[in-house]
Amino acid sequence: EPAHAPALAVHGLRKAFGGLTATDDVSLDLRPGEIHALIGPNGAGKSTLIGQIAGWIAPDAGRVELGGEDVTALDVAARARLGLGRSFQVSSLAAPLSARRNAMIAAQARQGSSFRFLRPVAWDRGLREAADAALARVGLSPRAQVPAAELSHGERRLLEVACALALGPKALLLDEPMAGLGMEGSARLGDLLEALKAEAPILLVEHDMDAVFRLADRISVLVAGRVIASGSVEEIRGDAEVRRAYLGE
Ligand code: ADP
Ligand code: MG
């Protein structure tokens, strides 16, 4: 494996829902140390692409590789075990469980149990340590014992990131982690992502263009299921087609 093998690569991913092609021959990669932002209008196929990479949407065609290994045939749990961490556009937290327990369940995914509620996770010290370290990372330690349902919206978004971190990820997929966070919350999460990217590169789907332009090392633009442009912040900001198709100029 070459020294600069991408942490994640997808080749020719396609997914149609009936007559609608949600992702159409999408190829991109995620290199060590980077934040690669994926932007595009509503309905462009961003969440579908994240689902295909994470493994809960089976592609009609194409290939997903993690650290150079073809994982296209593996399910969500197996990809998580290989270090693929993700947060969802729609919350996946267990509402009645504490922040810590949610993070412990996420940490457990690395160990390969798919019967996540059946194991007595409260007794597993390693899981608890991984969970507490992840909560500390996002600033939620004081809220560790609070049920997810009682956290604020912003705290729940941070907990979702903590759950992705608890896995000890080699790559992170974050689908609109800043949605609804407010200025202060997004700035804080942005700082956290900048600190994290050296450990695990991040594929970041985000609508907040200020955040994208500030954080991204690279940007790919998805429109109607196709990558229409990919490049540095400067290249994307200066791309006339992107400005027309997405930035509304
Ligand atoms: P984005 O995240 O960029 O807003 P999505 O990936 O959620 O876009 O959706 C891409 C397109 O696929 C949209 O037209 C959406 O309505 C459609 N779509 C997404 N999921 C499904 C599904 N499970 N069944 C049918 N259509 C879907
Ligand atoms: Mg989406």
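Residues numbered from 1 in each chain as written. Chains lettered and ligands numbered in written order. Predicted model: local features only at pLDDT ≥ 70, side-chain atom pairs only at ≥ 80, totals over all residues.

Another aspect to go through is the pairing of strand 1 (residues 8–17). With 7 bridges joining them, strand 1 and strand 2 (residues 20–30) adopt antiparallel strand pairing. Across the sheet, the residue bridging to Leu13 is Val26, located in strand 2. Linkage of strand 1 to strand 2, two consecutive antiparallel strands, is achieved through a turn of 2 residues, within which Gly18 is found at a positive phi near 60 degrees. (Pairing = 2+ DSSP bridges. Helix = DSSP H or I, 4+ residues; strand = E, 2+ residues; numbered from the N terminus.)

This paragraph deals with the site of ligand 1. Taken together, Phe17, Leu20, Ala22, Gly40, Asn42, Gly43, Ala44, Gly45, Lys46, Ser47 and Thr48 make up the full set of residues near ligand 1. Broken down by secondary-structure element, the contributors of at least two residues to the shell around ligand 1 are strand 2 and helix 1 (46–54). In terms of residue count, the dominant contributor to the shell around ligand 1 is helix 1 (3 residues). Broken down by class, the residue content of the shell around ligand 1 amounts to 4 nonpolar, 6 polar and 1 charged. (Near = placed C-beta within 6 Å. Nonpolar A, V, L, I, M, F, W, Y, C, P; charged D, E, K, R; others polar.)

Moving on, we get to the sheet that holds strand 6 (residues 84–87). Sheet architecture is open: 6 strands sit in the order 6-7-8-3-9-10, paired in mixed fashion. Strands at the two margins of the open sheet, each flanked by one partner only, are strand 6 and strand 10 (226–231). Mean inter-strand twist for the sheet, computed between neighbouring axes without regard to direction, equals 15 degrees. Contacts between helix 1 and the sheet are confined to strand 3 (35–39), strand 6, strand 7 (171–175), strand 8 (202–205) and strand 9 (218–223), with strand 7 contributing the most and set at about 150 degrees to the helix. Running at roughly 170 degrees to strand 6, helix 5 (residues 153–166) makes contact with strand 6 and strand 7 of the sheet. (Axes fitted to C-alpha atoms, helices over the stretch in contact; angles between N-to-C directions. Contact = placed C-beta atoms within 7 Å.)

Below, the discussion takes up the confidence of the model for the protein chain. Per-residue pLDDT for the protein chain averages 89, and the proportion of residues at 70 or more is 91%. Between the elements of the protein chain, mean pLDDT differs from a low of 83, seen in helix 9 (residues 240–245), to a high of 98, seen in strand 1. In the model output, the complex is listed with pTM 0.90 alongside ipTM 0.98. (pLDDT = per-residue confidence, 0-100.)

This part is about the domain arrangement of the protein chain. Interfaces are often sized by the accessible area lost when the parts come together. On domain assignment, one finds that the protein chain holds domain 1 (1–83 + 169–249) and domain 2 (94–168). One C-alpha centre belongs to domain 1, the other to domain 2, and the line joining them spans 24 Å. Facing the 13 residues of domain 1 at the interface are 15 residues of domain 2. Elements represented by at least two residues in the side of domain 1 that touches domain 2 include exactly helix 2 (76–81) and helix 6 (182–196). Its residues assigned to classes, the side of domain 1 that touches domain 2 comprises 8 nonpolar, 4 polar and 1 charged. (Domains from an automatic or database assignment.)

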